[in-house]
Amino acid sequence: MIDIEHITKRYGEEAVVDDVSMTVERGKVAVIVGTSGSGKTTLLRMVNRLVEPSEGRILIDGKDTHEIPGHLLRRQIGYAIQGHGLFPHRTVAENIATVPKLAGWEKRRIDDRVDELMTLFQLEPSQYRDRHPGELSGGQQQRVGVARALAAEPDVLLMDEPFGALDPIIRAKAQDDLLEIQRRFETTVLLVTHDMDEAMRLGDQIAVMAEGKIVQYADPATLLVKPASEFVDNLVGTADRPFRLLSLRKVGDIVEPGSSEGEPVQPATSLREAYANMLWQGRDTLPVVDDQGNALGRVRMDAISPWAARPA
Amino acid sequence: MIASPRHKVLPALDKLGVFIAIGLLATLGFAPLMVFRANRIVLGETVDIAQAMPPGPMVVLLASIGVAGVAALLKTSAMMRLIASLAAIAVLAWVVGVSASFLVEGADAVARASPASGFWLLFGIFALMATDALTRMDPKPSLRIGLVLLAGLALAAFLASGIWDDLSVMREYENRAGSFAREARRHLFLAFGSLFMAALAGIPLGILCHQVRAVRGPVLSVLNIMQTVPSIALFGLLIAPLSWLSTELPILRAIGVSGIGAAPAFIALFFYSLLPVVANTVTGLAGIPANVSEAATGMGMTERQRLFSVKLPLAFPVILTGIRIVLVQNIGLATIAALIGGGGFGVFVFQGVGQTAMDLVLLGALPTVTLAFAAAVIMDALVDIMRPSGVQKGSQ
Amino acid sequence: MGGSSGMTITTARLLRAVTLVVLLIFLFRPETFEPMLALLVANNAPAIYNQGSLLSLTISHLAIAIAATAAAALISVGFAILVTRDFGREFLPLSRSVANIGQTFPPVAVLALAVPIVGFGTKPTLIALFLYALLPIFENALTGLTGLAPTVREAARGVGMTGFQRLLRVELPLAFPVILTGIRLAFVISLGTATIGSTVAAPTLGEVIIAGLLSSNTAFVLQGGIIVAALAVLSYDGLTALERLTARRTGRVATAV
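Residues numbered from 1 in each chain as written. Chains lettered and ligands numbered in written order. Predicted model: local features only at pLDDT ≥ 70, side-chain atom pairs only at ≥ 80, totals over all residues. Heavy atoms only, no water.

(A) Quick peek at the sheet that holds strand E9 (residues 205-210) of chain A. Residue and element names in this part refer to chain A. The strand order across the open sheet formed by six strands is E6-E7-E8-E3-E9-E10, and the pairing between neighbours is mixed. Each edge of the open sheet is held by one strand with a lone partner, namely strand E6 (77-81) and strand E10 (213-218). Here the strands of the sheet are splayed against their neighbours by 15 degrees on average, with no regard to which way each runs. In this structure, E9 lies alongside E10, joined through five bridges in antiparallel fashion. Opposite Ala210, over in E10, you have Lys213 as the bridge partner. (Pairing = 2+ DSSP bridges. Helix = DSSP H or I, 4+ residues; strand = E, 2+ residues; numbered from the N terminus. Axes fitted to C-alpha atoms, helices over the stretch in contact; angles between N-to-C directions.)

This is the structure we're talking about:
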């Protein structure tokens, strides 16, 4: 869906992004992780041509992004940034309607889309439509920011530290919401963050960037077990590694027949959470139930542990 | 340790109220309310409250002063204080007219009666009390505009009723009703016309300064230096080039441009107005949060769309603040136009100063002050209305 | 980039120095400029102001502006200190409103209204300039005194300073550059407004300009106007430099207004 081919951005002599190539598949979430100054934001901004590359090209859906004017390109690509960048003089509904209006949708369609998105992001339209951004909480503002980015039904969504300004609890919720909505619309997402936990949580693929280059581009599990360099190794955190591995797997993967005492877990629960529950409850096994509470089987600590170990 | 017993002695007295009450008592005790003069130029003799009016109005006046004083002294609600002070001002306005009629009754036709220090002090104290009440109430912008309009109506009603007709400043007005209307129109034309032109030229210039960084420094320095040239000098310096232009270009002469008169005043006011408009446009545009402007580009807005639908609306309250500064400044500066034959209320002020006729000075100064004050309140309210709701508490 | 901005600074300094030198020559040897100014007058009218000394008018012009600004600074800063203490805090909003209202009074009106009370001459001018200087200084003093980082205030309390010590040793020194900005704004406004004082017979450079207006002598108007403008520009620059110096000493970045 997004093909970045040998892209380079130079400011004067210095290459901020240096010959980077990567591909993001349709409907997937790719996360670019790096420290500040690694060139990750510049790379992202070259995709919607907020920054013009010095060399190389970027294809979206097989089409060179240089074939259409920048502002028209940007109307087809969702863009959400840290601190949301909402227009303070416009209401929530007007903010969300920005791109559809620019694209010349008819009013009826815009209104329907705004209501749909607001409902999806748990902002009751009748209550919030005519409020101004300044009257919303930080979490609500951020949701409006993402809703605005998705308003014109873009196939591609670019996000630059979208959850950076949120406190941890709201952030976790916002991340879950994003994944749910991304799956629903099958949007291709390219997201920039400096937070490895966020990358692990959201990314189907993670690109680790340092000094303008991509050090490793892989799925989270590979990144954990086969870090390409010491830099990546440090970034994923030696001590947390087993637990991060566990968080990539679900209880559903290893549920087995049988019954157990204790607080039940669900198939969608991560192994990390299930393991933590066992430790806390002082049990070796926990029952597994579905949404309705029907027993599905049980999960054993012995069955979890191997998933935390380094693969041979 | 020292403070607590004192609090017990003065249980519920308002701090400002104590000053107000002392001020009221001192004024009543020591300052004359009115001044009576045999004609408009001679020095007058002052008249105390007791001698200035019949007993009826005096009782009403003293009662209203008493009520307002008590309302100020005790910790009453802001609304209560506002009503008491405004009522006292209304009574004062009525009494001053009654008193003038009372004093000139039976006297020579050229005899004059006008308010003296006591009146102005009382007026000032009640105005302070009303300001305090309004500041505490923090009324909505629309309500503030409403109050100004209401005050305007009350003023018009007083003028129309004839209560003030025996006041010396109204006698002065009677003699010059025709020229007063003319100079008033001229004053408004100078103040608002030059502001309009300055906004027309200054906002685009400010946008240009914002977009093209290289232009900003030079333009702002030139405008800054222009502001340091004193107003009367700038007025004067435009006389020569304008009279030359009007002799050279008949078109200009046809539309009434000449070396003396309104044209140089208009142009000078225009130049003075430019800096605040341009500087505030630049400040307003520069003050837009970077991520808002970034988001606008990221949404796919063109440069023009970004300017007109995001940047200018967001900068508008700041630009309007610049226009407010200019308007109040222009209303004041337009008085100086009279020095170069440009007309306006300054005509009365400077004639009055020349003849040491205080009434004539007042005839020019009072409308100017009232106009400037009303413009300031209304413009401040408009600025508040234009500020998008929630911006102060939210993202800025 | 660095080179060109360095250039601009030197050019600005050079311009300032030239302005000062030309101003001084003009004040002490006005006849030097006679040939230039003579081009502006017709019928052999005098080109250099001849009804008094430009130098002494300049001095009294400056003195009036300085006196009014100094008095306004004393009162405004005093008031700002009062309304930022605990016992005066409830007067803060009111004092702000009053200062704002005061600023809407046109200077000409204040001047003319003061004449019957204090007579012609310097006094009404002083009153008008004083009133006009109050608001900018008061506003800036408030900003300076209330804008201190809370941690600094806490630290001052924490080391056991009394309220008076905190004011004298911490708050005022830190607020000083901001107060100075207000004084600069007020003083520059005063220099310009003082010219109007000559309409009520104050001995300021306005006299030269008004004499020019009355006799249609553009040279007079020009020289009066230019001296005032030069004084304003030089004072603006001088006081800005002083602010930078004090701001650097207090570790605060001077706010450029």
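(B) Broad picture of the interface of chain C and chain B. Every contact between the two is made by 34 residues of chain C and, on the other side, 38 residues of chain B. Summing the contributions of chain C and of chain B, the shared interface buries around 3,000 Å²; its carbon and sulfur component is 83%. Across the contact surface, chain C and chain B share one salt bridge. Between Lys15 of chain B and Glu90 of chain C there is a salt bridge, and its shortest N-O distance comes to 3.4 Å. Summed over the shared surface of chain C and chain B, the number is three residue pairs in polar contact (both at pLDDT 80 or more). Breaking the side of chain C that touches chain B down by element, the ones donating at least two residues are helix H4 (92-104), helix H5 (107-118), helix H9 (206-214) and helix H10 (218-250) of chain C. The dominant element in the side of chain C that touches chain B, judged by the number of residues it contributes, is H10 of chain C, at eight residues. For the side of chain C that touches chain B, the per-class residue count stands at 25 nonpolar, eight polar and one charged. (Contact = heavy atoms within 4.5 Å. Buried area = accessible area lost by both parts, 1.4 Å probe. Salt bridge = Lys/Arg side-chain N within 4 Å of Asp/Glu carboxyl O. Polar contact = N/O pair within 3.5 Å; in protein donor to acceptor, adjacent residues only side chain to side chain. Nonpolar A, V, L, I, M, F, W, Y, C, P; charged D, E, K, R; others polar.)

(C) A look at unusual backbone geometry. Residue and element names in this part refer to chain A. The phi angle at Glu161 is positive, at roughly 45 degrees, despite the residue not being glycine. Along the chain, Glu161 falls in the loop between strand E7 (156-160) and helix H8 (168-185). Even without a glycine there, the phi angle at Glu186 is positive, about 55 degrees. In this fold, Glu186 is placed in the loop between H8 and strand E8 (188-193). Overall, Glu186 belongs to the exposed group, its relative accessible area being 60%. (Buried < 20%, exposed > 50% of the residue type's maximum accessible area, 1.4 Å probe, protein only.)

(D) Region of the structure containing the layout of surface pockets. Residue and element names in this part refer to chain A. By volume, the second largest pocket amounts to about 1,100 Å³. As for the second largest pocket, its lining consists of 34 residues, of which Met200, Arg201, Ser247, Lys250 and Ser270 are closest to the centre. Sorting the residues of the lining of the second largest pocket by element identifies H8, helix H9 (196-202), helix H10 (220-225), helix H12 (241-247) and helix H13 (271-281) as the ones contributing at least two each. Considering each element in turn, the lining of the second largest pocket owes the most residues, nine residues, to H8. (1 Å grid on protein atoms, 1.4 Å probe; cavity = no way out; pocket = protein on both sides within 12 Å on 5 of 7 lines; lining within 4 Å. Points joined across faces, edges and corners; volume = space filled by probe spheres on them.)

(E) Representation of the interface of chain B and chain A. At the junction of the two partners, chain B supplies 23 residues and chain A supplies 24 residues. For the pair chain B and chain A, the number of links is one salt bridge. Here Arg45 of chain A makes a salt bridge to Glu294 of chain B, at a shortest N to O gap of 2.4 Å. At the junction of chain B with chain A, the criterion picks out seven residue pairs in polar contact (both at pLDDT 80 or more).

(F) Expanded view of the pairing of strand E2 (residues 14-24) of chain A. Residues and elements named next belong to chain A. Relative to E2, strand E1 (residues 2-11) runs antiparallel, the two sharing seven bridges. Bridging from a neighbouring strand, Arg10 pairs with Ala15 of E2. Joining the antiparallel neighbours E1 and E2 is a turn of two residues, in which Gly12 adopts a positive phi near 65 degrees.

(G) Broad picture of the pairing of strand E4 (residues 55-60) of chain A. Residue and element names in this part refer to chain A. Sheet topology note: the E1/E4 ladder contains five bridges and is antiparallel. Counterpart to Asp3 in the pairing with E4 is Leu59. With antiparallel pairing between neighbouring strands as the criterion, E4 and strand E5 (residues 63-64) make up a hairpin whose turn holds two residues, including Asp61 at a positive phi of roughly 55 degrees.

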